[in-house]
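# Examining the three-dimensional arrangement
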Amino acid sequence: MSDNQKIILPGATLGMMGGGQLGRMFAQAAATMGYHVAVLEKGESCPCSEVSRDHIARAYTDEEALRELADKVEAVSTEFENVPAPALEFLEKAGVRVAPPASAVAVTQDRNVEKHFISQIAGVPVAPNAPILSEADIDKLDDSLLPGILKTARLGYDGKGQTRVNTIEDVKKAYADFGGVDCVLEKRLDLKLEVSVIVARNSRGETTTFPVSENFHRNGILAVSVLPARINADTADRARAYAEQIASALKYVGVLCIEFFILRDNSLLVNELAPRPHNSGHATIDACVTSQYEQQVRTMAGLPLGSTEQHSPAVMLNILGDEWFDADGNFREPDWAGVTAVPGAKLHIYGKAEARRARKMGHVTILGKTLEEAMDRARQVARILNLPEPK
C-alpha cells in the first residue's frame, strides 16, 4: 500500500489551510471522529482556530510556517479556493499527504485553464467562452459571445471580479477596469436553474456524490439551497455522472463542488469548480448520513467514503451580516430564539468576531418530512430573519 493510501487513524493531527467557516465545520467533523486539527491562517483568531488544537498564525506562503505545519500533521486540506498552489506543492515535497493535490487546485485557480480542462480533458460541456489575455484578444472576439459576462481569470468569488458586457466597447472598458489582468468572456445564456453537485474521491479512486442541490443567489452570494433539487431524475443523474467524470480526470482526492447551469432545454453546462466543501453542501450536515465535512476527513485519512444518502429533505438559508442591522442601519441581534422555535430548524453560527454587511455569518438548515414541509418552515425562518422568502 502506498503512503497516499495508508489509513491515518483517529488520534492523528490533520492540517487545514484556511481559517474560515468551512475550516471550522471541517474541524468539528474531525474532532467528532477523534482527530486533532492544526490550522494555518494569519491573524490572532479565526472561526477554525476556535475549534482546533493548534493555530499557526502566519501567511499561507510563509515557508517557516509551512514547515511547522508539515511537522505537526499527517495530511492537509484546504477550505479556501485561493490557497496558493505552490504552498500545497511545498507541503507535498515535505512528505505531507495533500488533499486536494496541488495540481488539481492549480487547474481550478485559473478560469481559462479550468474551462479548457473541463471541456477538452474531462469531456464535459461548458458555456461558450474565449480567453482575454490582452486587448488584441478583444478585437478578435466572435460576436456570437455577446452579450456575455467578463470574469477575471483568477481570484474572483461571490460575484466579485465579473461584470456583464453587451458590446466590444463594453468588454474593452471592463477589461481596463479590471486592470488588464487575464480574463475570460463567457456567453450569457438563458438559464432555467443553477445547481451544484458535491463529489468526494479518495486515493483509491472510490467516488461518491451527494444529491444535487438547487441554488439561488442574491447579489452574487448564495442565499438559498434546496436539497434535493427540484429537477427530473435524468438531469440529476447526468449532473452526478459529470461530477464523477471531472473528479476522475483531475485525479482528485478530497471534496469538490461542481456548479452547473441548467438551460431551458434541460441541457447541463459546468459553470465552475470549487476545490473544497461548498456553501451549497451545508445542508448535508443535518440532512445526510455523512456530511461533506466528514467526507473531507475520510478522503484525507484514507478511510472508506461514507454514505451520501439523504434522510430528510432540507432547505438552507445563508445568514449574512446584514441581518444584524435594521432598516435604519442600527445594530440589532437577530431573533435566534424565534428561529430555533421553528420545527426542524438547525442553527449554525460561525463565530466571526464582527458582523459586517455581505459577510457570511452563519446558516440555518430547515428539515422536514417532505420538501414542501421543509420549504414552509424555511419561509417561517425567513420571515423571522427579515429575509426574502424562498420559493
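An account of the accompanying structure is given in this report. Everything quoted here is computed from the prediction, not taken from an experiment.

## What about the packing of helix α1 (residues 21–32) against helix α10 (residues 292–301)?
For any two helices packed against each other, one specifies the crossing angle of their axes together with the interaxial distance. The N-to-C vectors of α1 and α10 enclose an angle of 70°; their axes lie 8 Å apart at closest approach. Taken together, the axis directions place α1 and α10 in an arrangement best described as roughly perpendicular. Judged by the sense of rotation from one axis to the other, the crossing of α1 with α10 is right-handed. Here Leu22, Met25, Phe26, Ala29 and Ala30 of α1 lie close against α10, whose contacting residues are Tyr293, Glu294, Gln296, Val297 and Met300. Considered class by class, the residues forming the contact of α1 with α10 number eight nonpolar, one polar and one charged.

## Things to note about helix α5 (residues 111–121)
Along α5, the residues classified as buried are Arg111, Asn112, Glu114, Lys115, Phe117 and Ile118. Capping of α5 at its N-terminal end is provided by aspartate 110; its side-chain oxygen lies 2.9 Å from the backbone amide nitrogen of asparagine 112. The first or second residue beyond α5 is glycine 123, which carries a positive phi of 75°.

## Examining the side chain of threonine 290
Note on placement: threonine 290 falls in the loop between α9 (284–287) and α10. Within the structure, the side chain of threonine 290 is placed 2.8 Å from the backbone oxygen of serine 307, a separation counted as a polar contact. Those residues in contact with threonine 290 that lie beyond four places of it in its chain are Phe210, Thr284, Gln295, Arg298, Gly306 and Ser307.

## Regarding the sheet that holds strand β3 (residues 54–56)
If you walk across this open sheet you meet the five strands as β3-β2-β1-β4-β5, and the pairing is parallel. Here the strands that pair on one side only, and so sit at the sheet edges, are β3 and β5 (97–98). Here strand β2 (residues 36–40) runs beside β3; their pairing, made up of three bridges, is parallel. When the sheet's bridge partners are listed, valine 39 is paired in β3 with histidine 55.

## Some thoughts on the nonpolar core
Ile246, Leu250, Leu256, Ile258, Phe260, Val270 and Leu273 are the most contacted members of the largest nonpolar core, which has 28 residues in total. For this core, the elements supplying multiple residues, two or more each, are α4 (102–108), α5, β10 (191–201), α8 (233–249), β14 (254–263) and β15 (268–274). Here the element with the most residues in this core is α8; it accounts for six residues. Apart from the residues lying within four places of it in its own chain, the contact partners of isoleucine 258 are Val195, Ser196, Val197, Val199, Ala243, Ile246, Val270, Glu272 and Leu273.

## A word on the sheet that holds strand β7 (residues 148–152)
One open sheet holds the four strands; their spatial order is β6-β9-β7-β8, and the pairing between them is antiparallel. The open sheet terminates on both sides in strands that have one partner only, identified here as β6 (129–132) and β8 (162–165). In this sheet, neighbouring strand axes are inclined to one another by 25° on average, regardless of whether the strands run parallel or antiparallel. Across four bridges, the pairing between β6 and strand β9 (residues 183–187) is antiparallel.

## Things to note about the pattern of salt bridges
The tally for this structure, following the rule as stated, stands at 24 salt bridges. Between glutamate 186 and lysine 115 there is a salt bridge, with the nearest N and O atoms lying 2.9 Å from each other. Residue glutamate 186 is located in strand β9, and its partner lysine 115 is located in helix α5; the two are separated by 71 residues in the primary sequence. Glutamate 186 gets classed as buried once you look at its relative accessible area, which sits at 4%. Shared partners join several salt bridges into a network, and the residues in it are Arg53, Asp54 and Lys72.

How each quantity is defined
Residues numbered from 1 in each chain as written. Predicted model: local features only at pLDDT ≥ 70, side-chain atom pairs only at ≥ 80, totals over all residues. Heavy atoms only, no water. Axes fitted to C-alpha atoms, helices over the stretch in contact; angles between N-to-C directions. Helix = DSSP H or I, 4+ residues; strand = E, 2+ residues; numbered from the N terminus. Parallel < 35°, antiparallel > 145°, perpendicular 65-115°, else oblique. Left-handed = near helix turned anticlockwise from the far one by under 90°. Contact = heavy atoms within 4.5 Å. Nonpolar A, V, L, I, M, F, W, Y, C, P; charged D, E, K, R; others polar. Buried < 20%, exposed > 50% of the residue type's maximum accessible area, 1.4 Å probe, protein only. Polar contact = N/O pair within 3.5 Å; in protein donor to acceptor, adjacent residues only side chain to side chain. Pairing = 2+ DSSP bridges. Core = buried A, V, L, I, M, F, W, Y, C linked by side-chain atoms within 4.5 Å. Salt bridge = Lys/Arg side-chain N within 4 Å of Asp/Glu carboxyl O.

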